[in-house]
Amino acid sequence: MAQVNGNYLKLKAGYLFPEIARRVKAFSEANPEAQIIRLGIGDVTEPLPEACRTAMKGAIDEMGTREGFHGYGPEQGYLWLREKIAASDFQARGCQVSAEEIFVSDGSKCDSSNILDILGEGNRIAVTDPVYPVYVDSNVMAGRTGDADDAGRYGGLTYLPITAANGFTAEIPTEKVDLIYLCFPNNPTGAVATKAQLQAWVDYARANDALILFDAAYEAFIQDPELPHSIYEIEGARECAIEFRSFSKNAGFTGTRCALTVVPRGLMGTAANGERVELWALWNRRQCTKFNGVSYIVQRGAEAVYSVEGQAQVQALVAFYMQNAAIIRRELTAAGIQVYGGEQAPYVWLKTPENMDSWGFFDHLLGKAHVVGTPGSGFGAAGEGYFRLSAFNSRENVQEAMGRIRAL
Ligand SMILES: *Cc1c(COP(=O)(O)O)cnc(C)c1O
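Since this is a predicted model, take the numbers as computed values, not measurements.

Parameters and conventions
- Residues numbered from 1 in each chain as written.
- Predicted model: local features only at pLDDT ≥ 70, side-chain atom pairs only at ≥ 80, totals over all residues.
- Heavy atoms only, no water.
- Helix = DSSP H or I, 4+ residues; strand = E, 2+ residues; numbered from the N terminus.
- Rg over C-alpha atoms; globule rule 2.2 N^0.38 Å.
- Buried < 20%, exposed > 50% of the residue type's maximum accessible area, 1.4 Å probe, protein only.
- Contact = heavy atoms within 4.5 Å.
- Lys, Arg positive; Asp, Glu negative; His and termini not counted.
- Charge placed at Lys NZ, Arg CZ, Asp CG, Glu CD.
- Polar contact = N/O pair within 3.5 Å; in protein donor to acceptor, adjacent residues only side chain to side chain.
- UniProt positions renumbered as here; feature names shortened; annotations may be inferred.
- Domains from an automatic or database assignment.
- Salt bridge = Lys/Arg side-chain N within 4 Å of Asp/Glu carboxyl O.
- Near = heavy atom within 4 Å.
- Areas by Shrake-Rupley, 256 points an atom, 1.4 Å probe, with all protein chains shown as cover.
- Nonpolar A, V, L, I, M, F, W, Y, C, P; charged D, E, K, R; others polar.
- Pairing = 2+ DSSP bridges.
- Axes fitted to C-alpha atoms, helices over the stretch in contact; angles between N-to-C directions.
- Phe/Tyr/Trp six-rings, centres within 6.5 Å; stacked < 30°, edge-to-face > 60°.
- Lys NZ or Arg CZ within 6 Å of the ring centre and 35° of its normal.
- Right-handed = clockwise from strand over helix to strand, strands pointing away.

Chemist: Tell me what's going on with the overall build of the chain, and back it up with residues and numbers.
Modeler: Across its full length, the chain carries eleven helices and 15 strands. In summary, the chain has a C-alpha radius of gyration of 21 Å against a globular reference of 22 Å for 408 residues, a match within 12%. The principal-axis extent of the C-alpha atoms belonging to the chain is close to 55 × 55 × 55 Å. Residues classed as buried in the chain amount to 52% of the 408 residues present. Contacts in the chain between residues at least 24 apart in sequence constitute 72% of all its contacts with a sequence separation of at least 6. Where the 37 positive side-chain charges of the chain centre and where its 48 negative ones centre are 3 Å apart.

Pasting the structure below:
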């Protein structure tokens, strides 16, 4: 019989979202008349921007002609898209990122997991707590951790608590780590990092020869012009950071699939014999071997995000969700609940009232208000006593959900 990857058996059973689905299903079977509103899973709800749809329809028609047909594209993505990304997302903000350093992909979730392919076994890995579960689980699957303890913390990982006490931006570790996952604006807490805070991380990484894996999936939601959108706005970051970006949240591409990873030229790692190796070349090799690119049609859709109409439509989408977030913040505050986030990110992170634990509050909210959120403890032990509500929903649903919560 074929052996399985034993690392998968270390994964904590009852992963967050299946457990939520199980409880919601049980509740709705027992209460078939309840109108449940889901502010749990971080998926967008509003239609794809028209500019993207028009571009994709045009691309489909091109594909129907001999001249316009496209087979396998470049594994790194089409240059016309990479050039627009480099110019609009990076160079326009003063970041020296070139088209060559951009790898277009089918998702940041995949990229932030796949990056482990080019990184060694012996790295000391730091994650925040709470954290986007993908960073942790992908390390477990790759055999880079020990077993989980009762609190769900894996041996071998360095957990950096993010709490109200440190403004939800983790403290710089006192020990040496080699890999650091950072996500700002943050999922799940909705917190952001200032330039000074990111500078401290970059300085730490350079001093300790560490690599920062920076997830900027929510950068489009930043409202404050002083806040950095990219790690490359920070001096020295090209020497120590890889950045992940996605069209999922700004342009509603969660079901369309397009994202990108930036690997700067000259960013180095170390081989077992001490030799310095360029990470760009390894990632390029990895993508060329294991990935065949994003569809031509989808890349044309992503390109349209950078058109004048596309920019306006994406900004309107972001503004819509941020108005939802403002409503959630305002209504919860009026209900006497302590809220965090939701000002530069589409997530509101709240302190559960009356010291309920996260799952207790989940059951309370589902049972009394028929509203589904995400228990903070599902994102890590330090998330216990917190709860995440997502602004990704219709205005009507958000208002209805808030009305029900205020009536509790
Ligand atoms: C939604 C999200 C992404 C985007 O993932 P895709 O695979 O590109 O859809 C990346 N990182 C975080 C933290 C997210 O919440």
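Chemist: How would you explain the side chain of N139 if you had to name every residue and give the values?
Modeler: Its location among the elements puts N139 in helix α5 (residues 133–141). Residue class for N139 comes out buried when judged on its relative accessible area of 0%. Engagement of the side chain of N139 in a polar contact is seen with the backbone oxygen of Y135, the distance being 2.8 Å. A polar atom in the side chain of N139 sits 3.0 Å from the side chain of Y181. Among all residues touching N139, those that are not within four sequence positions of it are L116, I125, R144, T145 and Y181.

Chemist: Residues and numbers for the UniProt feature "modified residue: N6-(pyridoxal phosphate)lysine" (unreviewed entry) in the chain, please.
Modeler: This chain's UniProt record puts "modified residue: N6-(pyridoxal phosphate)lysine" (unreviewed entry) on K249. Its place among the elements puts K249 in the loop between β7 (241–246) and β8 (259–262). Setting aside its immediate chain neighbours within four residues, K249 contacts G42, V44, A217, Y218, F221, T254 and F392. A distance of 2.9 Å separates the side chain of K249 from the side chain of Y218, its partner in a polar contact.

Chemist: Please set out the domain arrangement of the chain residue by residue, giving values where relevant.
Modeler: In terms of domains, the chain is made up of domain 1 (9–46 + 309–407) and domain 2 (53–307). Centre-to-centre separation of domain 1 and domain 2, based on C-alpha positions: 25 Å. At the interface, 32 residues of domain 1 touch 44 residues of domain 2. Scanning the region where domain 1 abuts domain 2 turns up zero salt bridges. There are 14 residue pairs in polar contact (both at pLDDT 80 or more) connecting domain 1 and domain 2. Looking at the side of domain 1 that touches domain 2, the elements that each hand over two or more residues are α9 (308–334), β11 (339–341), β12 (347–351) and β15 (386–390). The greatest single-element share of the side of domain 1 that touches domain 2, amounting to eight residues, is contributed by α9.

Chemist: Provide a residue-level description of the site of the ligand, including the pertinent values.
Modeler: Around the ligand, the surrounding shell holds 14 residues, and the nearest of these are D215, Y218, S246, S248 and K249. Take N187: an N or O atom from its side chain is 2.8 Å from an oxygen atom of the ligand. With respect to the ligand, the side chain of S246 contributes an N or O atom lying 2.7 Å from an oxygen atom. Protein chains bury 93% of the 390 Å² of accessible surface belonging to the ligand in isolation. Residues that form the shell around the ligand fall into these classes: five nonpolar, five polar and four charged.

Chemist: Explain the sheet that holds β15 to me, using residue names and the numbers behind them.
Modeler: Across the sheet, which stays open at both edges, the four strands sit in the order β11-β12-β15-β14 with antiparallel pairing between neighbours. The strands lining the two open edges of the sheet, one partner per strand, are β11 and β14 (374–375). For β12 and β15, the ladder comprises five bridges, and the chain directions are antiparallel. Within β15, the residue paired with L350 across the bridge is F387. Contacting β12, β14 and β15, helix α10 (residues 358–369) runs over the sheet at an angle of about 45° to β15.

Chemist: Let's hear about the packing of aromatic side chains: which residues, and what values?
Modeler: In this structure the tally under the stated criterion is 23 aromatic pairs. Both rings, one in F247 and one in Y306, keep their centres 6.1 Å apart while their planes meet at 85°; by these two values the pair is edge-to-face. One end of the pair, F247, is in the loop between β7 and β8; the other, Y306, is in the loop between α8 (296–303) and α9, with 59 residues separating them in the sequence. Residue F247 shares its accessibility class with Y306, and that shared class is buried. Ring geometry for W349 and Y386: centres 5.5 Å apart, planes at 10°, overall stacked. Residue W349 is located in strand β12, and its partner Y386 is located in strand β15; the two are separated by 37 residues in the primary sequence. A network of ring pairs unites the aromatic residues Y218, F221, F320, Y321, Y347 and F392 as a single cluster. Here R300 stacks its cationic end above the ring of W80, 3.6 Å away from the centre of that ring.

Chemist: Could you give an account of the pairing of strand β6 (residues 211–215), with specific residues and numbers?
Modeler: For β6, the tally of buried residues reaches five of five residues, placing the bulk of the element in the interior. Of the two faces of β6, the one holding L211, L213 and D215 and the one holding I212 and F214 are both buried throughout. Taken together, the five bridges between strand β5 (residues 179–183) and β6 define a ladder with parallel strand orientation. Paired with C183 across the strands is D215, a residue of β6. Crossover handedness for the path β5 to helix α6 (residues 195–208) to β6: right-handed. Looking at chain direction, β6 and β7 are connected through four bridges and run parallel. Looking across to β7, one finds that I212 is bridged to A241.

Chemist: Give me the lowdown on the environment of G341, citing residues and values where you can.
Modeler: Here G341 lies in strand β11. Spatially, the C-alpha atoms of G341 and V192 are 8.1 Å apart, while their sequence positions differ by 149 residues. If near-sequence neighbours (up to four positions away) are discounted, G341 is found in contact with T189, G190, R329 and Y347.

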